[in-house]
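Residues per chain are reported as follows:
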Amino acid sequence: MRASTVKKAPTTTPARPTESIFDALRESHERQRALCRQLLRSKPHTADRLSIFTALRIELAAHAAAEERHLYVPILMDDRGLSPARHALHEHHQMDELVEDLQVTDHSGASWMATAKQLSHKVHHHLREEEKKFFQSSGKILDDALKMRLAKRYRREHARMVRSLQKA
Ligand SMILES: [Fe+2]
Ligand SMILES: [Fe+2]
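Not measured: the values here are computed from a predicted model.

**Section: the overall build of the protein chain**
Scanning the protein chain from N- to C-terminus turns up five helices and zero strands. Element order for the protein chain, N to C, with α for helix and β for strand: α-α-α-α-α. Relative to the globule expectation of 15 Å for 168 residues, the C-alpha radius of gyration of the protein chain, 17 Å, shows essentially globular dimensions. Principal-axis analysis of the C-alpha atoms places the extent of the protein chain at approximately 55 × 40 × 20 Å. Expressed as a percentage of contacts within the protein chain between residues at least 6 apart in sequence, the contacts between residues at least 24 apart total 76%.

Next up, the structure:
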């Protein structure tokens, strides 16, 4: 048997053969929650704060892009998916804007921490809504074979985005 020619990304766990898109997404959700927690505990004027913020910024952007392309796009093709997908995409945009604000202002001030708290609040709200509502409604739209194919595509895209954002 010939070895697969698909290169595995170093930054992401390979998909288990029976893994669904929702399992793969939840793994990143846990990473996002942990990074938000660490960010809010970080001290001003430390290298730690900057590196945690950078890790969170990259994780949010890579996850959103891969999730939009490999979950929201197929869901948008179904009438039942239009409204919840639009709502979630709007929240991705709001998180993007908060990240942009955090990139331009001084990382040590009280206003930076106030915006970081807003971002953490938004992230937690969004992830909870996806896990409690959106995954259930999408689960009815996608069949099992597609859920597994999407997991692999999502992981490949997430890893590619992380590599490209780390270089930027
Ligand atoms: Fe998500
Ligand atoms: Fe999302």
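**Focus on the environment of D106**
In this fold, D106 is placed in the loop between helix 3 (82-104) and helix 4 (110-141). It is 9.9 Å that separates the C-alpha atoms of D106 and P44, two residues lying 62 residues apart in sequence.

**Examining helix 2 (residues 47-76)**
The end-to-end C-alpha separation of helix 2 is 41 Å, in line with the 44 Å expected for 30 residues at 1.5 Å each. The largest bend along helix 2 reaches roughly 40 degrees and is located at E68.

**Regarding the UniProt feature "domain: Hemerythrin-like" (unreviewed entry) in the protein chain**
Sequence positions flagged by UniProt for "domain: Hemerythrin-like" (unreviewed entry) are, in local numbering, residues 21-135. The span residues 21-135 is 87% helix and 0% strand, and its two end C-alpha atoms sit 9 Å from each other.

The rules we used
- Counting restarts for each chain, with residues numbered from 1 along the sequence as it is written.
- Here every chain gets a letter starting at A, and every ligand a number starting at 1, in the order they are written.
- Totals for whole chains, interfaces and linings use every residue, but because this is a predicted model, local features are given only for residues with pLDDT of at least 70 and side-chain atom pairs only at 80 or more, for both listing and counting.
- For helices the rule is a DSSP run of H or I covering at least 4 residues; for strands it is a run of E covering at least 2, with both sets numbered from the N terminus onward.
- Two things to know: the radius of gyration comes from C-alpha atoms, and the globule rule equals 2.2 Å times the number of residues to the power 0.38.
- Whether two residues are in contact is decided by their C-beta atoms, placed from the backbone, lying within 7 Å.
- Multiply 1.5 Å by the residue count of a helix minus one, and that product is the helix's expected span.
- Bend, at a single residue, is the angle you get between axes fitted to the 7 residues ending at that residue and the 7 residues starting at it.
- UniProt positions are given in the numbering used here, feature names are shortened, and annotations may be inferred rather than shown by experiment.

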